[in-house]
Amino acid sequence: MIREEDKKENKAIGRKEIVFVVTHEGKPQPSRAELEKLLPSKIKEKYFVIKKIESRFGKAESRVVVHAYKDEKTMKHYEPAHLFKRGKPKKEETKEEKING
């Protein structure tokens, strides 16, 4: 179950900062991939990045911080590149790529 806990609009840079609480009774903390499938139904904006996932000690809840944008260009300008790669499988390097560096 996902519920919205807090929402702030940062008009200066055109994004919404949203905090969700995810209940995962008897299950491990949800992965970024799982959350990326569930969140579009809860967020109006098409582009979003998961900033962090924090598990709450002693509870079967995780706090998920999301930044939502209206366009991809603004999102890529303000968010660090490593956040777009998190939770995704790493690309395997070929022998040529390793040699050529």
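Refer to the structure above for everything that follows.
So, a few notes on the structure that sits alongside this text.

Procedures and definitions
Residues numbered from 1 in each chain as written. Predicted model: local features only at pLDDT ≥ 70, side-chain atom pairs only at ≥ 80, totals over all residues. Heavy atoms only, no water. Helix = DSSP H or I, 4+ residues; strand = E, 2+ residues; numbered from the N terminus. Buried < 20%, exposed > 50% of the residue type's maximum accessible area, 1.4 Å probe, protein only. Contact = heavy atoms within 4.5 Å. Areas by Shrake-Rupley, 256 points an atom, 1.4 Å probe, with all protein chains shown as cover. Polar contact = N/O pair within 3.5 Å; in protein donor to acceptor, adjacent residues only side chain to side chain. Pairing = 2+ DSSP bridges.

A closer look at the overall build of the protein chain
Link 1 in the chain: Tallying secondary structure elements over the protein chain gives four helices and four strands in all.
Link 2 in the chain: Within the protein chain, the fraction of its 101 residues that count as buried is 32%.
Link 3 in the chain: Counted over contacts in the protein chain with a minimum sequence separation of 6, partners at least 24 positions apart contribute 46%.
Link 4 in the chain: A total of about 7600 Å² of accessible surface is found on the protein chain, and carbon and sulfur atoms cover 51% of it.

Structural notes on the side chain of Thr74
Link 1 in the chain: Tracing the backbone through its elements, the reader meets Thr74 in helix 2 (residues 72-78).
Link 2 in the chain: At 2.7 Å, the side chain of Thr74 forms a polar contact with the side chain of Asp71.
Link 3 in the chain: In this structure, Thr74 is in contact with Ile13 and Tyr69, ignoring residues within four places of it in sequence.

Describing the pairing of strand 3 (residues 47-55)
For a regular strand, the rule is simple: side chains alternate between the two faces of the sheet.
Link 1 in the chain: Pairing of strand 3 with strand 4 (residues 61-69) involves eight bridges; the strand directions are antiparallel. Paired with Tyr47 across the strands is Tyr69, a residue of strand 4.
Link 2 in the chain: Between the antiparallel neighbours strand 3 and strand 4 lie five residues, among them Gly58 with a positive phi of about 80 degrees.

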